[in-house]
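The chain contents come next:
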Amino acid sequence: MNTRSIRFNLISRFAALLLLVTVTFAGFTYWSVRRYVVDVVGGSMLHRAEQIGRTLLRGGPADESYIANEIETRYAPELNDRFIRITRADGSVLYCSRNPADRSFTPANVPYPKAKTLKSELREESPSDEAKMLIAAVPYSSDQGGGYLVEAGTSLAGANRVMEALLWTLAAGLFSLLVLTVIGGWMLMNRALSPVHNITVAAQDITLRDLRRRLPVPQTGDEIANLCVVLNKMIARLQESFDNVSRFTADASHELRTPLTIIRGELEEMIQRSDLNEQIRSALGSLLEEVERLVAIVERLFALSRLDAGEAQIERVKFSLSELAETTLEQMSLLAEEKSISLQFKTKDPVQVEGDRTRLKQIIVNLLDNAIKYTPDGGAVELSVWSRNGTAFLEVKDTGPGIPESALPHVFERFYRADEVHSRDVEGAGLGLAIVRSIASAHGGDVSVSSEVDSGCRITVRLPRAK
Amino acid sequence: MRILLVEDEEKVARFIRVGLKAEGFAIDSARDGRTGLQLALVNPYDLLIVDLMLPELSGTDLIRELRKKNSHVPVVVLTARDAIADKIANFESGADDYLTKPFSFAELLVRIKALLRRGTVNRSNVLRIADLEIDRLTHQVRRNGVAIKLTSKEYSLLEYLVLSAGRVLSRTMIIEHVWDQSFEGLTNIVDVYVRQLRAKIDEPFGKKLIRTIRSVGYTISDFAE
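The residue numbering used here restarts from 1 in each chain and proceeds along that chain's sequence as written. Throughout, the order in which chains and ligands are written sets their labels, letters from A for the former and numbers from 1 for the latter. With pLDDT at 70 or above as the cut-off, local features in this predicted model cover only qualifying residues; side-chain atom pairs require 80 or more to be listed or tallied, and sums for whole chains, interfaces and linings still use all residues.

1. Regarding the nonpolar core
Joining buried Ala, Val, Leu, Ile, Met, Phe, Trp, Tyr and Cys residues through C-beta atoms within 7 Å gives a set, and that set is a nonpolar core. Exposure classes come from backbone-placed C-beta atoms, where a residue is buried if 20 or more other C-beta atoms lie within 10 Å of its own, exposed if 12 or fewer do, and partly exposed in between. The biggest cluster of nonpolar side chains holds 114 residues, and the ones touching the most others in it are Leu368 and Val436 of chain A together with Val6, Leu48, Ile49 and Val50 of chain B. Numbering of helices and strands starts at the N terminus; helices are DSSP runs of H or I of at least 4 residues and strands are runs of E of at least 2. Broken down by element, the residue count for this core peaks at 10 residues, all from helix H5 (residues 278-309) of chain A. Note on contacts: residues are paired as contacts if their backbone-placed C-beta atoms lie within 7 Å. Setting aside anything within four residues of it in sequence, one finds Val6 of chain B in contact with Ala30, Gly33, Gly36, Leu48, Ile49, Val50, Asp51, Leu54 and Leu62 of chain B. One finds Tyr95, Phe105, Ile135 and Ala137 of chain A within the second-largest nonpolar core, a separate group that totals 21 residues.

This is the structure we're talking about:
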């Protein structure tokens, strides 16, 4: 899962916020319910203790058995699981209820209040490991003198069970709310983001080569639709400027043809004259060489602009790429021999491609020429052709000085040279690899380079394999 | 041999005219398509050189009109465009060969010679320079009666040199003719092949036929020095 996606971010933040709010709410609910329960139970205990004092202790020093009898009759604390205890001012127990029916506590173990009780109060006690008890203690002074402390209490086990049930309900509600939020949020985000996904897919398909294409604009009139319209306008501007550049290149190289024809023709004819002295002939020869270099650059620029414009009607002929590679390699083997470079060809199965044979041959020639040129004497150049999953691969590997990492992203740019020392090379003019890339992409393929300084470089061309 | 040149660019026309005259051809020229067509219909030319972009009547239309009138004169088209579609259109209209500007004159000459040779039946298929003989049908090469075995590239190179005997050919011109366009720019391959060729046809024999012209290129001729 992409943790940086809008979807993940929004949903996780929303879920966290929701969790915070609901946990607070649940906590508050739990706390107030518990308080309410304690208040109600406590209130009833206080009331009972007061009642006992008022009704049973008013008439002076009471008879123990009478009081026990009265309490049994009126309140039946054992049956009602209540605790009642009356203590005299000197600390002796006047009455204490017996074990309750549910044995939720043992009355004999219930501790006495730590300090002297001056007014009615509520306290919680834990007489054993069992549930807590809530005990109301009410001091009572009879008219005849003599103070008593009346305590009425009950186990909180029942209340705790209610609270526990409440806690579970709250937790279950919270958990399902969270799950529902995440699922619902996911679905909502999917719905909201699916146009964005569509745009991404469509935009990926629009390459420099088919800038005529546009993004589909959803008929919703929402923000996404606006975004598409704006992006489409941007693509249109991009296309326009791109078209201008290729048209300029095409026009310029076309306009250069006639003057170049004249210069080339005149120079060529002049060189044939037998009455030239050596110096003039060699000057003319060098001029002719430069003109031919210009012609080559113009031709290449023209070819590039045509490939860019996509109007180069790429011939679609099915042929064996491995065979073309092998014959081209043979044709260039003398160049490698000159520098004692070992030129190897590797292929497993014949690989068929569909395309323009001449242009694809150009790719092989350019790559091999480059490799041979930059590999020092005695090195090795390897050309391999293979195919995998419907893609044909053509790779040239050399043992030259390699290309510095900083130059790697630029090697397929026009007129770019990784190595300034070679910038006077007549051949390439820095267009060789640019042409390789244009031809590859005109065939629906691409080219990539990997290199480490001092360990040579490897250029890989990928082309769709013929079916 | 009489050739008609239809080219509106005067300077281009001029060097073609001068060059062809030096080669012993008789040249007429026209500067627009209509004049060109009229001349071609009136005079019995051996060959036409036609630029495509002409005023009045385009080169393509000129050739089409000519072919309609049942003229079978060979036509070389000069074009500043090199789209494949253009080439196909030209061959369909009846052109026999085409050259893309900026072309080399040596290449034009070789193409002209090839077309003229196609027209005449009883021309010998053997080219000779001094004691070197090249049979263009069997691709057999002999020097001083000794058969020399050449690879097909070496043969094409030698044939081109011999067809342009006496002319200085630059490395680029040689590349353009002997190799296909994918090798454009690889001028060092020419040096390698010329060296190989020399080892076979010059070095074992006394007289050197292939000469290097410093900072220009190569030439082959029977140097009478």
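Now that the structure has been shown, we can carry on.
2. Overview of the confidence of the model for chain B
Per-residue pLDDT for chain B has a mean of 85; in total, 91% of the residues score no lower than 70. At the level of chain-chain contacts, confidence expressed as ipTM amounts to 0.84, with global pTM at 0.63. On a scale of 0 to 100, pLDDT captures the predictor's confidence in every residue.

3. Considering helix H3 (residues 157-205) of chain A
Here, expected helix span is obtained from the residue count minus one, scaled by 1.5 Å. Taking 1.5 Å of rise per residue, the 49 residues of H3 of chain A would be expected to cover 72 Å, and the 69 Å separating its terminal C-alpha atoms lies within 8% of that figure. One fitted axis covers the seven residues ending at a residue, a second covers the seven starting there, and the bend at that residue is the angle between these axes. At Leu193 of chain A, H3 of chain A shows its largest kink, close to 45°, and the proline Pro195 of chain A lies no more than four residues downstream.

4. Let's talk about the interface of chain B and chain A
Across the boundary between the two partners, chain B contributes 36 residues, which contact 34 residues of chain A. Put simply, the parts of the chain that give the side of chain B that touches chain A at least two residues each are helix H1 (10-22), helix H4 (84-93), helix H5 (105-119) and helix H8 (188-201) of chain B. Of all the elements, H1 of chain B adds the most residues to the side of chain B that touches chain A, at 6 residues. Taken together, the residues that form the side of chain B that touches chain A break down as 19 nonpolar, 10 polar and 7 charged. Polar here means any residue other than Ala, Val, Leu, Ile, Met, Phe, Trp, Tyr, Cys and Pro, which are nonpolar, and Asp, Glu, Lys and Arg, which are charged; Gly is therefore polar.

5. Quick word on the pairing of strand S5 (residues 147-155) of chain A
Residues and elements named next belong to chain A. Counted residue by residue, S5 has 8 buried out of 9 residues, so it is predominantly covered. Should DSSP find at least two bridges between two strands, the strands are taken to pair. Here 9 bridges tie strand S4 (residues 133-141) to S5, and the two strands are oriented antiparallel to one another. Bridge pairing in S5 links Tyr140 to Tyr148.

6. Regarding the sheet that holds strand S5 (residues 97-100) of chain B
Residues and elements named next belong to chain B. Here we have 5 strands laid out as an open sheet, ordered S2-S1-S3-S4-S5, and parallel in their pairing. At either end of the open sheet lies a strand with only one pairing partner, and these are strand S2 (26-30) and S5. Strand after strand, the sheet turns through a mean of 20° between neighbouring axes, direction not considered. Both strand S1 (residues 2-6) and S2 contribute to a ladder of 5 bridges, which runs parallel. Counterpart to Arg2 in the pairing with S2 is Ala26. This element, helix H2 (residues 33-42), spans S1, S2 and strand S3 (47-51) of the sheet and lies at about 165° to S1. Only the stretch in contact is used when fitting a helix axis, every axis being a line fitted to C-alpha atoms; angles between N-to-C directions are given from 0 to 180 degrees. Of the strands in this sheet, S1, S3 and strand S4 (75-79) touch helix H3 (residues 59-68), which is tilted by about 150° from S3.

7. Some words on the packing of helix H6 (residues 152-163) of chain B against helix H7 (residues 171-178) of chain B
The angle between the axes and the distance between the axes are what describe a pair of packed helices. Residue and element names in this part refer to chain B. At a minimum axis separation of 10 Å, H6 and H7 run at an interaxial angle of 120°. With respect to their mutual orientation, H6 and H7 come out oblique. Considering how the two elements wind past one another, H6 and H7 form a crossing that is right-handed. Across from Lys153, Ser156, Leu157 and Tyr160 in H6, the residues of H7 making contact are Ile174, His177 and Val178. The residue inventory of the contact of H6 with H7, partitioned by class, reads 4 nonpolar, 2 polar and 1 charged. Should an angle fall under 35 degrees it is called roughly parallel, over 145 degrees roughly antiparallel, and 65 to 115 degrees roughly perpendicular, with every other angle called oblique. Crossings are sorted by hand: turned counterclockwise from the far helix by less than a right angle, the near helix makes the crossing left-handed, and turned clockwise it makes it right-handed.

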